[in-house]
Amino acid sequence: MAAGNADEPRGTSSAQLLKGQRALVTGANSGIGLATAVALGRAGADVVVNYVVDADAAEKVVEQIKGFGVRSYAHEADVSNEDQVVGMVDRMVNDFGTIDIMVANAGLQRDASVTEMTLAHWQKVIDVNLTGQFLCAREAAKEFMRRGIVPEVSRSAGKIICMSSVHQIVPWSGHVNYASSKGGVGMLMQTLAQELAPKHIRVNAVAPGAIRTPINKDAWDTPQAEADLLKLIPYRRVGDPEDIANAVVAVASDLLDYVVGTTLYVDGGMTLFPGFATGG
Ligand code: NAD
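A.B. asks: What should I look at first to understand the overall build of the protein in this one?
C.D. replies: Scanning the protein from terminus to terminus reveals 7 helices and 7 strands. When its helices and strands are written in sequence order, the protein yields β-α-β-α-β-α-β-α-β-α-β-α-α-β. Here the C-alpha atoms of the protein give a radius of gyration of 18 Å, agreeing with the 19 Å that 2.2 N^0.38 yields for 280 residues. For the C-alpha atoms alone, the extent of the protein along its principal axes is close to 50 × 45 × 40 Å. Counting the 280 residues in the protein, one finds 51% classified as buried. Of the roughly 13200 Å² that the protein leaves accessible, carbon and sulfur atoms contribute 55%. Side chains of the protein give 24 positive and 31 negative charges; the mean places of these two sets differ by 4 Å.

Below, the structure is given as structure tokens:
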């Protein structure tokens, strides 16, 4: 693709950093996953667009990605269902030959104060946000280890990128299921990184701050809500899905080949304890 393509968002590069690689993004028909799948395709990767509801939205993402001249298809699977995750990665190996990049992005919230939180709400969030990432990482790691390094494709045997959150380290009242799942994602990522690094597999996390997507619409869709939110963001803007997508492309690429077991916070400074900015 020529440099400076008019379709690209301002400030992004058309460099084909991931040319010839094959990526799978879970929860890729909405928000951060959608932007990430598109950014990976723009960077030259073939992309599997996973979704669990709304096939039409997934097909639109596939069409957008194919516009970059790479391969793409949509695949319905619930990331918390072992058989469906195994089937999803098996099909990808069959159809694309292998997998080079797994982006475990799918996630959800079921908010309640602790005394109101049902076991079902706790379990659902842990199942999707934590167990789902484990299953996706495990299936990708099996294929990475089977195939090994292909130097013309990448310096590493494969990359796993866990979509975490600032709530990997920031407690969040009224969201104990979500914060616990993301805290777990941090340790899942580090332990997998330690275990898989000798196999030349890189595992890292990208941890968004407040990003404008459906998951947190209440936090930004009125001027008052947005003003309150901005107090928590030193950089004083709510993030866009593309902010996260660009970070994922960078972490997945060989430019960051020596980055192993790290969480990249992409949060406008939200983890800088902004409440202490004027004293404390
Ligand atoms: P979103 O609601 O737009 O997207 C979530 C996606 O996950 C959707 O496509 C949804 O259908 C999918 N999903 C849910 N359950 C699934 C399942 N069982 N199997 C497969 N897919 C499933 O929200 P988003 O903001 O784009 O969230 C994406 C990720 O980013 C999540 O892991 C979320 O925790 C994380 N995150 C978001 C923010 C933010 O501010 N938006 C901040 C920190 C972390």
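A.B. asks: I tried to follow the side chain of Thr36 on my own but got confused; where do I start?
C.D. replies: Along the chain, Thr36 falls in helix α1 (residues 31–42). Separated by 2.7 Å, the side chain of Thr36 and the backbone oxygen of Ile32 make a polar contact. Ignoring sequence-local partners within four residues, the contact set of Thr36 consists of Val25, Val103, Ala245 and Val248.

A.B. asks: When you look at empty space enclosed by the protein in this model, what are you seeing that I'm missing?
C.D. replies: Take a probe with the size of a water molecule and roll it over the atoms, and the empty space left behind shows itself. Overall, the coordinates contain 1 cavity of 30 Å³ or more when judged by the stated rule. The computed volume of the largest cavity comes to approximately 50 Å³. Lining the largest cavity are Gln21, Asp100, Arg147, Gly148, Val150, Val153, Ser154, Ser156, Ala157, Gly158 and Lys159.

A.B. asks: Quick question: what am I supposed to make of the packing of aromatic side chains here?
C.D. replies: The way to describe two aromatic rings as a pair is by their centre distance and the angle between their planes. Applying the stated criterion to the full structure yields 3 aromatic pairs. Centroid distance Trp172 to Tyr178: 5.7 Å. Interplanar angle 70°. Geometry classified as edge-to-face. With relative accessibility at 29%, the residue Trp172 sits in the partly exposed group. A ring pair is formed by Phe273 and Phe276, whose centres lie 6.5 Å apart and whose planes are at 90°; its orientation type is edge-to-face. There is no split in this pair, since Phe273 and Phe276 are both exposed.

A.B. asks: I would appreciate a short explanation of the pairing of strand β6 (residues 201–208) in the present structure.
C.D. replies: Each regular strand displays side chains that alternate between the two surfaces of the sheet. Among the 8 residues that make up β6, 8 are buried, leaving the element largely enclosed by the rest of the structure. Side chains Ile201, Val203, Ala205 and Ala207 of β6 all project onto a buried face; the interleaved residues Arg202, Asn204, Val206 and Pro208 project onto the opposite face, where all are buried too. As judged from the 6 bridges shared by strand β5 (residues 158–163) and β6, these two strands associate in the parallel manner. In the sheet register, Ile161 faces β6, and the bridge partner there is Asn204. Running through helix α5 (residues 176–196), the crossover from β5 to the neighbouring parallel element β6 is right-handed.

A.B. asks: Which parts of the structure should I look at to understand the sheet that holds strand β4 (residues 101–104)?
C.D. replies: Strand pairs in the sheet, formed through backbone hydrogen bonds, run parallel or antiparallel to each other. On the basis of which strands lie adjacent, the open sheet formed by 7 strands has the order β3-β2-β1-β4-β5-β6-β7 and parallel pairing. The outermost strands of the open sheet, each flanked by one partner alone, are β3 (72–76) and β7 (263–266). Averaged over all adjacent pairs, the angle separating strand axes in this sheet is 20°, with direction ignored. As judged from the 4 bridges shared by β6 and β7, these two strands associate in the parallel manner. Bridge pairing links Ala207 to Tyr265 in β7. Sheet strands in contact with helix α7 (residues 241–252) are β4, β5, β6 and β7, and its direction is about 165° off that of β6.

Conventions adopted
Residues numbered from 1 in each chain as written. Predicted model: local features only at pLDDT ≥ 70, side-chain atom pairs only at ≥ 80, totals over all residues. Heavy atoms only, no water. Helix = DSSP H or I, 4+ residues; strand = E, 2+ residues; numbered from the N terminus. Rg over C-alpha atoms; globule rule 2.2 N^0.38 Å. Buried < 20%, exposed > 50% of the residue type's maximum accessible area, 1.4 Å probe, protein only. Areas by Shrake-Rupley, 256 points an atom, 1.4 Å probe, with all protein chains shown as cover. Lys, Arg positive; Asp, Glu negative; His and termini not counted. Charge placed at Lys NZ, Arg CZ, Asp CG, Glu CD. Polar contact = N/O pair within 3.5 Å; in protein donor to acceptor, adjacent residues only side chain to side chain. Contact = heavy atoms within 4.5 Å. 1 Å grid on protein atoms, 1.4 Å probe; cavity = no way out; pocket = protein on both sides within 12 Å on 5 of 7 lines; lining within 4 Å. Points joined across faces, edges and corners; volume = space filled by probe spheres on them. Phe/Tyr/Trp six-rings, centres within 6.5 Å; stacked < 30°, edge-to-face > 60°. Pairing = 2+ DSSP bridges. Right-handed = clockwise from strand over helix to strand, strands pointing away. Axes fitted to C-alpha atoms, helices over the stretch in contact; angles between N-to-C directions.

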